Amino acid sequence: MSIEKFLSQSISNWMNGEGPHSDIVLTSRIRLARNLKDFMFPTLFSQEESKRVLNYVEGMIPLLVEYPLKKVELLKMDQLNELQKRVLVEKHLISPNLAKDAFNGACLLSENENISIMINEEDHIRIQVLLSGLQLERALEIANTVDDQIEQHVDYAYNEVRGYLTSCPTNVGTGLRASVMMHLPGLVMTQQMSQLIPSINQLGLVVRGIYGEGSEALGNIFQISNQITLGKSEQDILFDLNGVVEQIISQEWAARESIRKTSEVQLEDKVFRSLGVLTNSRIIESKEAAQCLSDVRMGIDMGYIQNISKTILNELMILTQPGFLQQYAGGPLRPFERDVRRAKLIRERLILEKNK
Amino acid sequence: MLCEECQKRPATLHFTKIINGEKTEIHLCEQCAQEKGNFIFMNQSPSLTINNLLAGLFNVNPSFEQKQQETIQHKDLIQCTECGMTFSRFLKVGKFGCPNCYPTFHDQLTPILKRLHGGNWKHSGKIPKRAGGSLFIKKKIDILKETLQTLIEKEEFEKAAEVRDEIRMYERQLQEGDV
Ligand SMILES: [Zn+2]
Ligand SMILES: [Zn+2]
């Protein structure tokens, strides 16, 4: 295994479009934040100390022999170029922070890319498990197994009252962030999203755009995650999040059905126009591409389009990101060149699919 | 009383500095206290980032500002012995420097954690196997010691001896780290 493999393999396992509720829930993600007992947190540590943390983890790799960590690969940030790091960010395998300015930042990746363990990000160790569809419990189960395996070799910073100690007090306690990525065009079209967000917030959950903190929702994709990490058990956190997600799923379907009832022709028109744009355009910006892919995906979910699989849309949503386009081009591209390449890639991929 | 710092102006502010559980009284004039402390965050307008939001937690009601400023000045003198983090610096950056910051700022942190975590301040999730194993045994020993006490009071010495042996066994396990 090598970095080339992770970069050339455009489809991570989590993009395969399977799992419960996979029409609306794209992915389930579990993140556990952990720190080593006798080290400063990354906010304050010296380069030397960060190196020691990295060495520590590196020395541990040969010991991680049990499932699901049998085959892992360590990618060190200072050995990757900007483009390679960007691709890992767009695949959701590392955070923009780790790519940007971590001392001795690294990432331990499992072969199928379901598990990625970030080293020296905001915390020493961040275990991430990414699965497709709504599978939070399964993801937590895997993350816990990984956590237990690592804990056999290190002493975690933990205390009885506050739980797992993290650099930021917003993560202390369980260190657990559970997030679900959802495709919600119906709620956006019926303008219910703006009303829904404050009430979701009131339940101790946060709603964000697809690429995490501060980014806008591209292509009607939203990420919903728990905000509270202290005072609730891991299972309770998942239970509350699951409950809200199931609610949103049924509201999304209700919204789509009400649009179908009141303006079916307009809806079909929107879906097929977007398909037309995707299969015919010669220049397309990422924002327009994301919106059109969202429309087509909804068209598939609602039965208007039959000959395209959702997996291809998941794939295209990732492949048309700037980092990936440049990876394929083998070098940096100017925005206009990217828009041309994006259009070509989508067009060819969809035509290939239609003629199958 | 004169200010300890400048020895010129009268000391109007009195602080207790606590480092490693050791208390020292400090008497300062207002001007020197301002210079010593780090109050920049009080004037910051809270923006939307998580870190500033933390600092903003103390900025909510301007009418309390004066009172809070005094308590924060007081808190500012508590410092983490491992990483040198002060509480006011933490409020500014929103992140701690090391695991030891948590016990250091335990009292000041509780209200902040309550605001961040829907009223919660105490962990009730996963216990790591290693640290957790000894936690588990410590709790067991505490309970057994209580039992031992009541057995002695009831003069049931035979049973008490059994419990005492059990306590010794657990204590040996703790010492040997065999958990
Ligand atoms: Zn003075
Ligand atoms: Zn500290």
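Residues numbered from 1 in each chain as written. Chains lettered and ligands numbered in written order. Predicted model: local features only at pLDDT ≥ 70, side-chain atom pairs only at ≥ 80, totals over all residues. Heavy atoms only, no water.

Peer 1: Tell me about the coordination of the zinc ion (ligand 2), and name the residues and values.
Peer 2: Residue and element names in this part refer to chain B. Distances from the zinc ion (ligand 2) to its protein donors, namely C80 (SG), C83 (SG), C98 (SG) and C101 (SG), fall within the range 2.3 to 2.4 Å. If you look at the zinc ion (ligand 2), its 4 donor atoms make angles of 96 to 126° with each other, and the shape they trace is tetrahedral. For the zinc ion (ligand 2), all donor residues lie on one chain, and their spacing in sequence is C-x2-C-x14-C-x2-C. Here C83 is found in the loop between α4 (65-76) and α5 (87-93), whereas its partner C101 is found in helix α6 (residues 101-104), with 18 residues between them in sequence. (Donors = N, O, S within 2.8 Å, 3.2 Å for Na, K, Ca; no water. Tetrahedral: all angles 85-135°; square planar, octahedral: opposite > 155°, others 65-115°. Helix = DSSP H or I, 4+ residues; strand = E, 2+ residues; numbered from the N terminus.)

Peer 1: So what about the interface of chain A and chain B? Which residues, and what values?
Peer 2: Between chain A and chain B, the residue contacts involve 43 residues of the former and 36 residues of the latter. In this assembly, chain A packs against chain B so that about 3300 Å² is buried in total across both faces, 59% of it on carbon and sulfur atoms. It is Y158, R162 and P169 of chain A in chain A that bury the most area against chain B; as a group they hold 21% of the surface buried on that side. For the pair chain A and chain B, the interface holds 3 salt bridges. Seen at the junction of chain A and chain B, the total is 20 residue pairs in polar contact (both at pLDDT 80 or more). Every element with two or more residues in the side of chain A that touches chain B is listed here: α5 (136-151), β6 (158-159) and β7 (163-164) of chain A. Top element by residues in the side of chain A that touches chain B is α5 of chain A. It accounts for 4 residues. In terms of residue class, the side of chain A that touches chain B is made up of 16 nonpolar, 15 polar and 12 charged. (Contact = heavy atoms within 4.5 Å. Buried area = accessible area lost by both parts, 1.4 Å probe. Salt bridge = Lys/Arg side-chain N within 4 Å of Asp/Glu carboxyl O. Polar contact = N/O pair within 3.5 Å; in protein donor to acceptor, adjacent residues only side chain to side chain. Nonpolar A, V, L, I, M, F, W, Y, C, P; charged D, E, K, R; others polar.)

Peer 1: Account for the pattern of salt bridges, naming residues and giving values.
Peer 2: Scanning all chains against the criterion turns up 27 salt bridges over all chains. Of the charged contacts in the structure, one is a salt bridge between E121 of chain A and R126 of chain A, with a shortest N-O distance of 3.4 Å. Residues E121 of chain A and R126 of chain A agree in their burial class; the two are buried. The salt bridge partner of K95 of chain B is E122 of chain A, with a shortest N-O separation of 3.4 Å. One end of the pair, K95 of chain B, is in the loop between α5 and α6; the other, E122 of chain A, is in the loop between β4 (115-119) and β5 (125-132), on a second chain. For the pair formed by K95 of chain B and E122 of chain A, the shared burial category is buried. Linked through salt bridges whose partners overlap, the residues forming this network are E121, E122, D123 and R126 of chain A together with K95 of chain B. (Buried < 20%, exposed > 50% of the residue type's maximum accessible area, 1.4 Å probe, protein only.)

Peer 1: Explain the nonpolar core residue by residue, including any values.
Peer 2: Residue and element names in this part refer to chain A. Counting residues in hydrophobic clusters, the biggest one holds 57 residues, and the most contacted among them are I30, I117, I127, I150, M182 and I248. The element best represented in this core is helix α8 (residues 234-280), accounting for 8 residues. Excluding residues within four positions of it along the chain, I127 makes contact with I30, R31, L32, S116, I117, A143, V146, D147, I150 and Y156. Ranked by size, the runner-up nonpolar core spans 26 residues in total, among them V271, I284, I305 and I308. (Core = buried A, V, L, I, M, F, W, Y, C linked by side-chain atoms within 4.5 Å.)

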